[in-house]
Amino acid sequence: MNVFRLEADESCMGERVDKFLSLMLPGKSRSYLQKIIGEGSVLVNGKPVKASCRLEDQDEVLIHLPELTEPKIEAENIPLDILYEDADLLIVNKPKGMVVHPSAGHSSGTLVNAVMYHCRGQLSGINGSLRPGIVHRIDKDTTGALVVCKNDYAHSHVAEQLKVHSITRKYRAVVNGVIREEDGVIDAPIGRHPAERKRMAVNEKNGRRAVTHYRVLHRFANHTYIECELETGRTHQIRVHMAFIRHPILGDTVYGPEKNPYHLEGQTLHAQILGLIHPVTGEYIEVEAPLPEYFQKLLKKL
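Computed from a prediction, not measured in an experiment: that's the story for all the values here.

Draft legend 1. Representation of the pattern of salt bridges. Going through the model one piece at a time under the given rule, you end up with 14 salt bridges. Among the salt bridges present, the one from Arg-209 reaches Asp-187, with a minimum N-O distance of 2.7 Å. One end of the pair, Arg-209, is in the loop between strand 11 (200-202) and strand 12 (211-219); the other, Asp-187, is in strand 9 (residues 183-187), with 22 residues separating them in the sequence. By relative accessible area, which is 48% here, Arg-209 ends up partly exposed. On the basis of relative accessibility, which here comes to 43%, the residue Asp-187 falls in the partly exposed class.

Now the structure itself:
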């Protein structure tokens, strides 16, 4: 257990304790700090507080930071398609069929297993022992660019960019049906499906705002090749939104037709472009993940 003792001064008067700590401990994300505050690991003048507690001049803030637990998962020598790498970030091109982090039924062969081997212990620990370095995820059968953070400082900065929706995320997809308009915006809240808890759905009552921009790249006889750009990043957002406008992604048997005429393994969705501000240099970096072979072959068939 690491213990930090801080004292608030006049400049901190009225400041929320979680915001104060995020400024004083730049390597820790605000969401992580709110979590440990909720666990009673932060005391103000000797008493546990809520994240919304407002500080006064000369308040003493005592923080008990738990030791990072060693992951109980094994590093595996799995080849990675690396699009960008430096001392702080790793951006990989995730293949189809690879799960991002371990879960029930997927304890090995995940992206986390692979990056643990590649990075040799140089991964952020903010998201816990099962998700070292992972800031965001893409679905098992979605391919493309995904960023991994090698330290907590980089993690907190990239997570903040995700929070304010400033990261560029453009996807390529083939959808069922012919979209007539050249482009459009889907602004519809997404939450858990009211009856099927493993699925997401447009949910006006309990959903969070979700915005997807799309434009047509090519029309086929019964399908449309499109680019989607995420303004927000909800679970299954593009898949849910395209199904919502009656153009589900080809191969998506969860949100679209159960039958798959092209024998695809999951949805034809590819995270092609990822752009963000580098947490250390402050420069904008952007990478492009080439379309996977199966996607190129499908386009030729169509």
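Draft legend 2. Structural detail: the pairing of strand 4 (residues 60-65). One ladder, built from six bridges, connects strand 1 (residues 2-7) with strand 4; its direction is antiparallel. Across the sheet, Glu-7 pairs through a bridge with Glu-60, a residue of strand 4. With three bridges joining them, strand 2 (residues 42-44) and strand 4 adopt antiparallel strand pairing. Residue Val-42 lies in a different strand from strand 4, and its bridge partner there is Ile-63.

Draft legend 3. View of unusual backbone geometry. The backbone of Asn-45 shows a phi angle near 55°, a positive value even though the residue is not glycine. With respect to the helices and strands, Asn-45 occurs in the loop between strand 2 and strand 3 (47-48).

Draft legend 4. The packing of helix 1 (residues 17-24) against helix 2 (residues 30-38), seen in detail. Viewed as axis vectors pointing N to C, helix 1 and helix 2 meet at an angle of 125°, and their least axial separation amounts to 9 Å. By the angle class used here, helix 1 and helix 2 are oblique. Judged by the twist between their axes, the crossing of helix 1 over helix 2 is right-handed. Of the residues in helix 2, those in contact with Val-17, Asp-18, Lys-19, Leu-21 and Ser-22 of helix 1 are Arg-30, Leu-33, Gln-34 and Ile-37.

Draft legend 5. Summary view of the sheet that holds strand 4. Taken in spatial order, the four strands make up an open sheet running 1-4-2-3, and their pairing is antiparallel. Strand pairing shows two members of the sheet lacking a second neighbour, strand 1 and strand 3, which therefore form its edges.

Draft legend 6. Structural view of the packing of aromatic side chains. A complete count under the given rule lists two aromatic pairs for this structure. Relative to Phe-295, the ring of Tyr-225 has its centre 6.0 Å away and its plane inclined at 55°; by these criteria the two rings are tilted. Within this pair, whereas Tyr-225 is found in strand 13 (residues 223-230), its partner Phe-295 is found in helix 6 (residues 293-301), the two being separated by 70 residues in sequence. The exposure classification of Tyr-225 matches that of Phe-295, with both residues buried. Relative to Phe-295, the ring of Tyr-294 has its centre 5.8 Å away and its plane inclined at 55°; by these criteria the two rings are tilted. Since its relative accessible area comes to 21%, Tyr-294 is described here as partly exposed. Members of the aromatic cluster, connected to one another through ring pairs, are Tyr-225, Tyr-294 and Phe-295. One cation-aromatic arrangement involves Arg-120 over Tyr-117; the distance from NZ or CZ to the ring centre is 4.2 Å.

Scoring rules and cut-offs
Residues numbered from 1 in each chain as written. Predicted model: local features only at pLDDT ≥ 70, side-chain atom pairs only at ≥ 80, totals over all residues. Heavy atoms only, no water. Salt bridge = Lys/Arg side-chain N within 4 Å of Asp/Glu carboxyl O. Helix = DSSP H or I, 4+ residues; strand = E, 2+ residues; numbered from the N terminus. Buried < 20%, exposed > 50% of the residue type's maximum accessible area, 1.4 Å probe, protein only. Pairing = 2+ DSSP bridges. Axes fitted to C-alpha atoms, helices over the stretch in contact; angles between N-to-C directions. Parallel < 35°, antiparallel > 145°, perpendicular 65-115°, else oblique. Left-handed = near helix turned anticlockwise from the far one by under 90°. Contact = heavy atoms within 4.5 Å. Phe/Tyr/Trp six-rings, centres within 6.5 Å; stacked < 30°, edge-to-face > 60°. Lys NZ or Arg CZ within 6 Å of the ring centre and 35° of its normal.

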